[in-house]
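# Chains, contacts and geometry: an overview
What follows is each chain in one-letter form.
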Amino acid sequence: MVSATELPEDLCCDPTSFVVLTGLDVTYNAVHKSIWDAFSNNRKSDRVPISFECLLGDHAYPRAKDRRTSYEWYIPKGILKTKWMDKHLCKVPGVVVIFYELDWDEPLWDEKQLECVSRVEVVRASLKGRNTKVAVVLIQKSSLLPAGEDMGAQDRASALCSACGLSSKSLFILPLSDHILGYIIRLENAFYELANSYYHTEARRVRAHKEFLNKTTHQLLFVRHQFKIAFFGELMQDHTTALKHYVQAYNHVHELRSHDTNNLEVKVIGGFVNYKICRLYFLRLDEPLEAIKQFRRHVDLFKPKRGVSELAFEHSAWMSMQFEVFGGLFDEAIKAGLAAIQTQHPGFYFQQAANYARDRRTQAREICSAVAGSAYPTPDPLHTDGPLDFYGQRQWRQGHQSIDPPDPNKERDGILALKLREANVDQSRQIVPLLSAAVAQFKKYKCPRMKRCLTVHMAEEYYHAKDYVKALTLFGHTAWDYRDNKWWDVFNRIQVIAFRCAYLVANVQQYVTTAIELMGKHSKVSDEDKTRIQMNLIRVVSGEAPEPEPLTPLDGDFGAGAESDHGEALDKSGEFWREKTADSTAYEIDMNKLVPFVECRTSFQSQKVHANEAIVLHVYLQTSCTFPIRFARLTVNTGNRLYDERCVVTDEKSGALYLEPNKLKHLTFSFCPDPKDVGDTVQVSTVTLQLGAEANTVMLSWNMLTTRPTVTRLSTKQMMQNDAPARVKKWSDIDPILKCRILTRKPLVNVTIMHHPPALIHEVYKITFVMESEETQKIENLKGTFTLTDDKSEEWSVNTYLGMDVDSVLSVSALKKIEFCVKELSPGEVCEKSVYLRFTEAGVRNFSASVSYKALDKVCVPGEDDRKDVKCLCVSDHAVAVDAVSAFRLSSVLRNKDFESFKHVVPGGRFIAVVTVDCCSPWPVELKSGAVSLAERAVSVVNGTCFDMLAGVVLKRGETAKDAVCLMCEEEVNFPDRNNVPVGRYSLSWRRHEDSENVSPFVTSSVEIASAAIRSFPLKIDVRMPPSGVMLEQMPVTYTMRNCSDEPCEIELICEVAENFMFSGVKLQRCRLLPGSEESLTYALYPLAAGPQSLPSFRIREIPSEGRDASKPENDESLSCSYLREHIPSSIFVKPCAQNHQLIS
């Protein structure tokens, strides 16, 4: 059986070349010790695969057998000898290396040479008959000369090789220097080549025997020789050649004639060769698919070879070992970098190995039961003085290859001994590690259901192995999944075994928990068993030990798990139970995680109740056990002590908790709402049903917070009607209402909120609360709140102002909430309260208006005659949305005195600021006044006063009003940016126009007046002329030019004729203006036509001086452009002449 269930170490290791080092005194010579350490330590993957051993020079190696020259009369006794692999791995070296201290300049060279030769001869004598390579390494202390320069060293080296009978490639030098490790690595490579040469020679020698073999009598030798050649290939690290010969050996194994006497040997050798092939595919050639293909072929070929029917369990053990070994190789390849997938990984092979191991146990129980009580044969047919000669052979007939056993009596005794030994094997201890390895793999590759299935099998094996605590633990880790997925058959089997384990270890908590589920409606146990479990549960609650569980065999296990297997634990359990039930203990069971025999549901009468109404709670119970059962106490926990005290039922005399099988039990609880819970939700958190009240108690607890609502056909409200008992037929008719919200008492104060939306930005907006009491008693301390509740409350709070009066709302402090209080409100009395709002940005704001007070009321609780006085909070909530819009649009522009636009203002020049008011309010807007706040040291009002033209104006939507202010630029403007000089702000005082007496206060809105560009011109012109003329009457016009620059200016004045004017004056004149001087020209104009007329064109042109820089632009453009056009009038209105005047033709 050892060969059938285990692989030898020599087969499982990585074959490496075996090299023996002699001549090193590692005990007393420090130099030799350092050399040995350099060879043997730190054998990493970057160094050649060699196994070193330090031996004496006269070490006795295994003696070589005589060479066979013919196989004509040779009959092999087996396939593969048990000592052959160990011999070539650890005993017969491929190379023997002799270390000797000898320098080239040694004075006593001849004597040293003779001593070295003698050592070589001793080694060769020990290896007589072997082809082992011999090499010599000279340890030298002196430094080496470059190759070809030391001619004496070359001569001495040739002489030493000739004397020792060595080739020059077998003589090496090892200088003792600081870089000795580098020399050691070079020596290793040379030794590796010599060893490969030796193994190659051995493989050729074995291959040469093939011509002497025939398939009639030497079938076993074909397998043996191919295996040896492949093994030598592994020693040489020639994995491709090794795989080739292993495959040939496997094919020869398949061709062997198999019968009962050699069936085990054929399977064992086939397993060895298959292991080698799969190992090479996985770990050396990186061909996992070929390995899987080979293993499947291997299983298909050897699965039918069961051998002797009396030893069928032996075949199952061998199959289990094959899958286990392959799974281990697969896992080793994955650790080396192979990528597996969810449908192909080592877990499947470990699982199959466990299945064959379970088959082995089943077959062993069936076969070994027939020899139970038989005496073990003497002498022991399985005893041997040493290891077997050949792998896979029986101990009592080694070397026998005939079909019939040589001694039938020994054959019978040997089979009997195997059966008796198998009967004492604890198979569960072998199955559990396989299942554990499979579980780890399925967990790694995310296969949760397979993992839990194998965990259940592992728990069953712990049960068979009598480790009941571990079995219980594993069952607890898996039962929940089968319970949630409603796989009742699997779940029932788990619970039955767990129930047995709980009894055998006297685990009261687990025993009670499992009993509660086995009594349930989904349990597959018989009614008789349910009755027994129920009676045992009552005994445990009463403080008595339960009756022993009948340990009947489990299905399909041929007696596994029967009472005979657990008799000792069954005897001890009674004592354990007496100790556990001696003391009174309370056991808490979480019913939400179970499928129990008793079910519980709760439901409120309605989802909402008012503070002056009673809360009604219904509790429903139903059992599915075989006999009625009485509970001691039922408690409901809501988190409120006042409610919980009213939701308790005891079964002292009433029988309220006496439950009959499959009959609905209905309990009702009523209680008054706690005023503190108004606005909150009442919810049942737990319901606890107590079983037992004297010795032990079992607290069955349901967590109602995690209860899933069910879809039913009858609501609780319908059930509580008068004909409810006639309509409630089954458990599924219950529609649970899990929460009940306590609302405030309906207020009897009518609240009306009066306001006139939309609100205007910046105005004081008034909202009035009108409250009328319909209560029968006087209300005291009525409170009202007005709160900004918009989602953008953080943003709106910056530009929204609330207050109880006008002054507070006009302050800069913004509030989100305001409160007011009415001390007394008599029945029928009407009270008004106003709040004020102000908005600085447009948008819709949402407010919450609430009026609350407390009133005394009476609550009627069902089942009680007296009505209870309760002080209830009454709240009237209202939502108020206020849209804020702009009252008008303010804009401003700058105009000259002709109300025309201009680009620049000269210092001292005058202009007009025009403000436009466009009304966009849905309500009429009353304007009070407009005021200008001017910028300092830049602009001033002409004559120091401005007229209020908008006072008392009322604008409606779409109407427009304008205000004009005459301004003058200061002579000296000290402003950095003269192109953008601020003028000031225009403020408008206004309010919503209302006809009522309670008018709102005036508020102010302002707008920035458009900025002006100030530019100084070298020449200023002033025109004096009447505002209008009269036809045929003389009209004087005077043009005054002033030089404002620091340089003289020479100009040319041109006056052109107009069509409807006659004039007298200079048409063309040149003049020179000194700095600060001025020149005036006066013209007498005579209008010839009435109406708007174009004046004679007056133009000014600067004449450039001779020394003027040509690169500077002339001022003609600046003088004749915008400034001159703006300050020289071009038209005038001419009135008609009097009737007594006559036209001049």
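The coordinates are above.
Scope of this entry: the structure provided in the associated data block. (Residues numbered from 1 in each chain as written. Predicted model: local features only at pLDDT ≥ 70, side-chain atom pairs only at ≥ 80, totals over all residues. Heavy atoms only, no water.)

Moving on: the overall build of the protein. Of regular secondary structure, the protein possesses 28 helices and 45 strands. Looking at the protein as a whole, 47% of its 1145 residues qualify as buried. Pairs at least 24 apart in sequence give 74% of the contacts found in the protein among residues at least 6 apart. Accessible surface, the protein: about 57900 Å² in total, of which carbon and sulfur atoms supply 49%. (Helix = DSSP H or I, 4+ residues; strand = E, 2+ residues; numbered from the N terminus. Buried < 20%, exposed > 50% of the residue type's maximum accessible area, 1.4 Å probe, protein only. Contact = heavy atoms within 4.5 Å. Areas by Shrake-Rupley, 256 points an atom, 1.4 Å probe, with all protein chains shown as cover.)

Let's shift gears to the sheet that holds strand S41 (residues 1068-1073). To summarise the sheet geometry, strands pair through backbone hydrogen bonds and adopt either a parallel or an antiparallel arrangement. As summarised here, the arrangement of the three strands in space is S41-S39-S44, forming an open sheet in which the pairing is antiparallel. At either end of the open sheet lies a strand with only one pairing partner, and these are S41 and strand S44 (1098-1102). On average, adjacent strands in this sheet sit at an angle of 25° to one another, irrespective of strand direction. Pairing analysis gives six bridges linking strand S39 (residues 1049-1055) to S41, with the strands arranged antiparallel. Across the sheet, residue Glu1052 finds its bridge partner in S41, namely Arg1070. (Pairing = 2+ DSSP bridges. Axes fitted to C-alpha atoms, helices over the stretch in contact; angles between N-to-C directions.)

Here the focus is the environment of Leu221. As for its placement among the helices and strands, Leu221 is situated in helix H8 (residues 219-235). Not counting residues within four places of it along the chain, the set of residues in contact with Leu221 comprises Tyr71, Tyr74, Pro76 and Leu213.

As a further point, take the packing of helix H17 (residues 468-484) against helix H18 (residues 488-504). Where H17 meets H18, the axes come as close as 9 Å, and the angle between the chain directions of the two elements is 155°. As the angle between them shows, H17 and H18 are arranged roughly antiparallel. Note on packing geometry: the crossing formed by H17 with H18 is left-handed. Residues Tyr468, Ala471, Leu472, Phe475, Thr478, Ala479, Tyr482 and Arg483 of H17 form the contact with H18, whose own contacting residues are Trp488, Val490, Phe491, Ile494, Gln495, Ile497, Ala498, Cys501, Ala502 and Leu504. The residue inventory of the contact of H17 with H18, partitioned by class, reads 15 nonpolar, two polar and one charged. (Parallel < 35°, antiparallel > 145°, perpendicular 65-115°, else oblique. Left-handed = near helix turned anticlockwise from the far one by under 90°. Nonpolar A, V, L, I, M, F, W, Y, C, P; charged D, E, K, R; others polar.)

As a further point, take the sheet that holds strand S28 (residues 888-895). A sheet is described by the order of its strands in space; here four strands give the open sequence S28-S29-S33-S31, paired in antiparallel fashion. Two strands bound the open sheet, and with one partner strand each, they are S28 and strand S31 (939-941). Each adjacent strand pair in this sheet contributes to an overall mean axis angle of 35°, direction not counted. Two strands pair when backbone bridges link them, and S31 and strand S33 (residues 960-969) are joined in this way by three bridges, in the antiparallel orientation. Of the residues in S33, the one forming a bridge with Ser940 is Met968.

Residues Phe1061 and Phe1063 of strand S40 (residues 1061-1064) are buried on one face, while the alternating residues Met1062 and Ser1064, pointing to the opposite face, are not. Here four bridges tie S40 to strand S42 (residues 1078-1087), and the two strands are oriented antiparallel to one another. When the sheet's bridge partners are listed, Phe1063 is paired in S42 with Leu1085.

With that settled, consider H17. Between the first and last C-alpha of H17 there are 25 Å, a value that for 17 residues agrees with the 24 Å anticipated at 1.5 Å per step. Where H17 bends most, the angle comes to about 35°, and this point is Thr478. Along H17, the residues classified as buried are Tyr468, Ala471, Leu472, Leu474, Phe475, Thr478, Ala479, Asp481, Tyr482 and Arg483. Directly after H17, the chain includes Lys486, whose backbone phi takes a positive value near 60°. (Expected span 1.5 Å × (residues − 1). Bend = angle between axes of the 7 residues up to and from the residue.)

A few words now on a nonpolar patch on the surface. On the surface, Met535, Ile538 and Phe627 cluster together into a nonpolar patch covering about 240 Å² of accessible area. Turning to its location among the elements, Met535 is positioned in helix H20 (residues 527-541). (Patch = residues over 30% accessible without salt bridge, like charges linked within 9 Å, V, L, I, M, F, W, Y side chains within 5 Å. Salt bridge = Lys/Arg side-chain N within 4 Å of Asp/Glu carboxyl O.)

Bringing the packing of aromatic side chains into the picture now. Aromatic ring pairs are defined here through the distance separating the ring centres and the angle between the ring planes. Scanning the entire structure with this criterion turns up 41 aromatic pairs. Between Phe227 and Tyr246, the ring centres sit 5.5 Å apart and the planes meet at 65°, which makes this aromatic pair edge-to-face. Separated by 19 residues along the polypeptide, Phe227 in helix H8 and Tyr246 in helix H9 (residues 239-255) bring together distant segments of the chain. Comparing Phe227 with Tyr246 shows no difference in burial state: the two are buried. Following the ring pairs from residue to residue traces out a cluster consisting of Trp84, Tyr198, Tyr199, Phe227, Phe231, Phe232 and Tyr246. (Phe/Tyr/Trp six-rings, centres within 6.5 Å; stacked < 30°, edge-to-face > 60°.)

The next thing to look at is the packing of helix H13 (residues 346-368) against helix H15 (residues 428-444). When two helices pack together, their arrangement is given by the angle between the helix axes and by the axis-to-axis distance. Here H13 crosses H15 at 160°, and the two axes come no closer than 8 Å. With respect to each other, H13 and H15 are oriented roughly antiparallel. As for how H13 packs across H15, the hand of that crossing is left-handed. Of the residues in H15, those in contact with Pro346, Gly347, Phe348, Phe350, Gln351, Ala353, Ala354, Ala357, Arg358, Arg360 and Arg361 of H13 are Ser428, Gln430, Ile431, Leu434, Leu435, Ala437, Ala438, Gln441 and Phe442. Looking at side-chain class alone, the contact of H13 with H15 contains twelve nonpolar, five polar and three charged residues.

Before going further, it helps to spend a moment on the pattern of salt bridges. Scanning the entire structure with this criterion turns up 40 salt bridges. Put simply, Glu460 and Arg493 hold a salt bridge, and the shortest N to O gap is 2.9 Å. Pair noted here: Glu460 is in helix H16 (residues 448-464) and Arg493 is in helix H18, with a separation of 33 residues, a long-range link. Assessed through its relative accessible area of 3%, Glu460 is described here as buried. Shared partners join several salt bridges into a network, and the residues in it are Arg358, Arg361, Glu460, Glu461 and Arg493.

Position of Ser573 relative to the elements: it lies in helix H21 (residues 567-580). Overall, Ser573 belongs to the buried group, its relative accessible area being 0%. Side-chain polar atoms of Ser573 contact the backbone oxygen of Leu570, separated by 2.7 Å. (Polar contact = N/O pair within 3.5 Å; in protein donor to acceptor, adjacent residues only side chain to side chain.)

Soluble globular proteins: nonpolar side chains tend toward being buried together. Grouped together as the largest cluster of nonpolar side chains are 208 residues, with contacts concentrated most on Leu21, Phe99, Phe191, Phe631, Leu634 and Leu700. Per-element accounting of this core gives the leading share, 13 residues, to helix H10 (residues 263-284). Residues Tyr801, Ala938, Leu967 and Val1003 belong to the second largest nonpolar core, which totals 37 residues. (Core = buried A, V, L, I, M, F, W, Y, C linked by side-chain atoms within 4.5 Å.)

Burial along strand S36 (residues 1019-1024) is one-sided: Leu1019, Ile1021 and Val1023 are buried, while Lys1020, Asp1022 and Arg1024, pointing the other way, are not. Judged from the six bridges that link them, S36 and strand S38 (residues 1035-1043) form a sheet pairing that is antiparallel. Bridging from a neighbouring strand, Leu1019 pairs with Asn1043 of S38.

Tallied over the entire structure, the rule returns zero disulfides. With no disulfide of its own, Cys12 lies closest to Cys13 among cysteine sulfurs, the gap being 7.8 Å. Judged by its relative accessible area of 28%, Cys12 is partly exposed. In this model Cys874 remains outside any disulfide bridge; the closest cysteine sulfur is found in Cys872, 6.4 Å from its own. (Disulfide = S-S within 2.5 Å.)

With that out of the way, let us pick up unusual backbone geometry. Residues apart from glycine generally show negative phi values, whereas peptide bonds are mostly found in trans. Residue Thr378 is joined to Pro379 through a cis peptide bond whose omega torsion reads -5°. With omega at -5°, the peptide bond leading from Pro757 into Pro758 counts as cis. Within the chain, Lys466 stands out as a residue other than glycine whose phi angle is a positive 70°. One can find Lys466 in the loop between H16 and H17. Of the residues examined, Lys466 reaches a relative accessible area of 46% and is grouped as partly exposed. Even without being glycine, Lys486 reaches a positive phi, approximately 60°.

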